[in-house]
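Listed here are the chains, written in short residue letters.
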Amino acid sequence: MEFLTAIFIQPFFDMVDDPVLFLQVIWEGFVTGILYSLIAFGFVLIFKASGVFNFAQGIMVVFAALTLVGLHENGVPAFIALPITIVVMYALAFSVERLVLRSLVNQPDIILFMATIGLTFFLIGFGEFIFGGEPKMMITEELLLPYDSITFFDDMLILQEIDIAASVIAVIALIILALFLGKTKIGIALRAVADDHQAALSVGVSLNTIWVVVWFISGIIALITGIMWGAKSDVSFALSIIAFKALPVLILGGFTSVPGAIVGGLIIGIGEKIGEFYWGHLVGGSIEGWLAYMIALVFLFFRPQGLFGEKIIERV
Amino acid sequence: MSAENNTGDVLLSVDHISLAFGGVKALTDINFEIRKKEIFAIIGPNGAGKTSMLNVINGFYHPQDGEIHFKGLHRKQMRPHEAAVQGIARTFQNVALFKGMSTLNNIMAGRNLKMKANLFWQALYYGPARKEEMENRKFVEDIIDFLEIQAIRRTPVGKLPYGLQKRVELGRALAMEPELLLLDEPMAGMNIEEKQDMCRFILDINEQYGTTIVLIEHDMGVVMDLSERLIVLDYGRKIAEGNPDEIRGNQAVIDAYLGVAHTN
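None of these values were measured; they are calculated from a predicted model.

Moving on to the sheet that holds strand β1 (residues 10–21) of chain B. Residues and elements named next belong to chain B. Strand order in this open sheet of 4 strands is β2-β1-β4-β5, and the pairing throughout is antiparallel. Bordering the open sheet on either side are β2 (24–35) and β5 (73–75), each of which pairs with just one other strand. When the angles between neighbouring strand axes are averaged without regard to direction, this sheet yields 20°. With 8 bridges connecting them, β1 and β2 associate as antiparallel partners. Considered in β2, the bridge of Leu-19 is made with Leu-27.

Structure follows, in structure tokens:
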């Protein structure tokens with residue numbers, strides 16, 4: 001009985017009891033969640049355009065952040081290193097299309113998936129070769145990102161300025177991307193490609209261009225995520241693990257849905273923080289690591305296509 | 001339809017085209033010419049290489065041998081989107097539409113190449129992009145009226161019956177304002193009424209827009225009524241070429257369709 005109370009009643013009392021603390025937990029969850037959303041967005045883009053789950057998305061986050069920090073370490077000023085990193089991400093997108101995707105057109109999805117695993121290991125090796133394998137500090141200050149904190153309610157609610165900046169930048173990035181995909185010719189072409197490769201080709205969409213564009217956008221998203229996440233921890237290859245958090249996000253939101261990626265990211269981010277804080281102690285803590293996957297698993301039972309995913313109906 | 005419709009100028013010429021997949025010869029030494037503003041048919045039994053021929057023309061397949069001249073320009077290795085840029089549009093044997101989108105958006109997708117405003121204005125839907133969108137929208141509405149599909153403007157195409165899907169697909173191809181329109185079995189799986197509608201549309205397109213049309217079709221009645229000239233393929237080879245009357249009486253064609261008793 002006591003145990004049931006601890007699960008079903010006590011946590012909610014705690015929430016009401018200390019609303020400021022609850023707010024703090026939600027905020028922490030929101031900040032994590034918006035970064036999950038960004039990563040998931042990168043996955044969705046590539047999945048829509050080429051039907052492949054890009055295993056390398058996580059390592060692209062690390063690679064982008066590493067390039068930025070590495071350039072700065074070698075004496076390049078931060079505001080020159082940033083555009084150079086963007087150019088590097090473009091070069092990466094271009095090479096992936098030329099060297100990997102183009103020669104694998106019309107191959108089964110699993111082959112493309114394997115290719116992205118290969119790309120992952122290539123990027124790990126390449127990154128280590130150029131910039132070394134030891135963890136680095138993100139150049140937060142040099143990029144003029146704030147690092148103070150603001151407090152409310154007599155210091156009870158503490159918001160890190162970097163978190164606020166991260167959320168604002170992420171939200172702006174998501175809005176720009178949504179506009180870009182919804183309204184522009186490339187956005188419409190991307191939807192066309194996602195629906196039917198052959199038909200898209202026949203109306204004059206160049207698959208090769210679309211692939212470069214989506215990989216480049218994913219690279220930019222990886223860079224933004226890398227900067228923000230790197231500022232919270234440090235820049236190391238372990239960072240690529242966060243990309244796996246995008247998996248439950250995608251299961252929740254649907255692999256093909258952009259709004260799904262955003263909402264899914266927030267649900268997972270906020271859900272795991274609340275779960276950790278109010279329920280985690282019941283099983284000795286640290287449930288943050290796996291709660292997201294449990295949520296996704298439960299979701300799979302009831303809505304396998306995700307919140308916003310398209311239900312695939314085959315007409316025979 | 002008769003010869004007065006022809007200007008006689010060659011729009012597309014196919015010279016000695018051969019295409020093989022590994023050891024399988026899909027097309028062997030094919031020659032023909034398509035003249036401006038004509039309706040040209042490609043017929044033949046199943047597996048004769050008709051669709052392969054269309055795929056070669058719009059760049060899906062690259063032939064190992066031979067040359068294609070389009071609008072007088074030589075081309076060998078061409079990608080499908082380049083074909084589209086040059087003014088070749090097509091429909092597919094198994095309807096290939098953007099199933100998640102509405103009829104309107106599918107046809108709008110055909111205007112892809114006509115959108116020129118830069119991405120910045122497009123994203124904001126302002127300035128030149130707005131004007132451009134209106135113009136394209138007007139064009140698409142005209143096509144919708146022309147094909148008499150006003151009622152399904154907003155319907156996701158995945159939900160439409162097959163006959164209407166084919167019509168939307170034709171609309172999307174028309175939206176590209178093509179000079180050469182390739183139709184791969186536009187009437188397959190249709191009932192007689194739908195076929196009659198489709199025939200009317202094809203003739204009207206040819207007359208009103210002056211579009212040159214290449215047609216693959218199994219319904220011989222349709223082919224003989226619509227086309228001015230046709231070629232017959234069998235096992236990847238051209239076995240006959242001519243106007244419908246000549247083809248009707250051609251012994252090789254009759255043999256190909258009915259089979260020949262091989263006597264020793």
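From this point, things continue past the structure.
Moving on, we come to the side chain of Ser-206 of chain A. Within the element layout of this structure, Ser-206 of chain A appears in the loop between α9 (197–202) and α10 (207–232). In this structure the side chain of Ser-206 of chain A is engaged in a polar contact, spanning 2.8 Å, whose partner is the side chain of Thr-209 of chain A.

All names here are of chain A. Checked against the element boundaries, Val-249 lands in helix α11 (residues 246–253). Accessibility expressed as a relative area gives 0% for Val-249, which makes it buried. Counting along the chain gives 213 residues from Val-249 to Tyr-36, while the straight-line C-alpha distance between them is 7.4 Å. In this structure, Val-249 is in contact with Tyr-36, Ala-40, Ala-261, Gly-264, Gly-265 and Ile-268, ignoring residues within four places of it in sequence.

Attention now moves to the domain arrangement of chain B. All names here are of chain B. Its domain assignment divides chain B into domain 1 (1–87 + 178–264) and domain 2 (97–176). Each partner contributes to the interface: domain 1 provides 20 residues, whereas domain 2 provides 12 residues. When domain 1 packs against domain 2, close to 1,400 Å² is buried across both sides, 72% of that on carbon and sulfur atoms. Its largest share of buried area at the contact with domain 2, domain 1 owes to Pro-178, Phe-201 and Tyr-209, together 34% of the area lost on that side. Inspection of the region where domain 1 meets domain 2 yields 2 salt bridges. One salt bridge connects Arg-167 with Asp-197, and the closest N-O pair in it is separated by 3.3 Å. Counting every contact that joins domain 1 to domain 2 gives 3 residue pairs in polar contact (both at pLDDT 80 or more). Contributions of two or more residues to the side of domain 1 that touches domain 2 are made by α2 (80–86), β7 (180–184) and α7 (192–209). By residue number, the principal contributor to the side of domain 1 that touches domain 2 is α7, which donates 9 residues. A breakdown of the residues in the side of domain 1 that touches domain 2 according to their chemical character gives 12 nonpolar, 2 polar and 6 charged.

Attention now goes to the interface of chain A and chain B. Of the residues lining the interface, 24 residues belong to chain A; the matching set on chain B comes to 30 residues. Of all residues in chain A, the largest losses of buried area upon contact with chain B belong to Lys-185, Ser-202 and Val-203 of chain A, amounting jointly to 27% of the total for that side. Run the count over chain A and chain B and you get 0 salt bridges. Viewed at the interface, chain B and chain A are joined by 0 residue pairs in polar contact (both at pLDDT 80 or more). Of all the secondary structure elements, the ones that give two or more residues to the side of chain A that touches chain B are α7 (161–183), α8 (185–195) and α9 of chain A. Here the residues of the side of chain A that touches chain B are counted per class, giving 11 nonpolar, 6 polar and 7 charged.

In this section: the sheet that holds strand β3 (residues 39–43) of chain B. All names here are of chain B. Taken together, 6 strands build an open sheet; the order of strands is β6-β7-β8-β3-β9-β10 and the sheet is mixed. Two strands close off the open sheet at either side, each with one partner strand: β6 (88–90) and β10 (237–242). Averaged over neighbouring strand pairs, the angle between their axes works out to 20° when direction is ignored. In the sheet, β7 pairs with strand β8 (residues 212–216) via 5 bridges, with the strands oriented parallel. Paired with Leu-181 across the strands is Ile-213, a residue of β8. Contacts from α7 reach β3, β7 and β8 within the one sheet, and its direction differs from that of β8 by about 155°.

The rules behind each value
- Residues numbered from 1 in each chain as written.
- Chains lettered and ligands numbered in written order.
- Predicted model: local features only at pLDDT ≥ 70, side-chain atom pairs only at ≥ 80, totals over all residues.
- Heavy atoms only, no water.
- Pairing = 2+ DSSP bridges.
- Helix = DSSP H or I, 4+ residues; strand = E, 2+ residues; numbered from the N terminus.
- Axes fitted to C-alpha atoms, helices over the stretch in contact; angles between N-to-C directions.
- Polar contact = N/O pair within 3.5 Å; in protein donor to acceptor, adjacent residues only side chain to side chain.
- Buried < 20%, exposed > 50% of the residue type's maximum accessible area, 1.4 Å probe, protein only.
- Contact = heavy atoms within 4.5 Å.
- Domains from an automatic or database assignment.
- Buried area = accessible area lost by both parts, 1.4 Å probe.
- Salt bridge = Lys/Arg side-chain N within 4 Å of Asp/Glu carboxyl O.
- Nonpolar A, V, L, I, M, F, W, Y, C, P; charged D, E, K, R; others polar.

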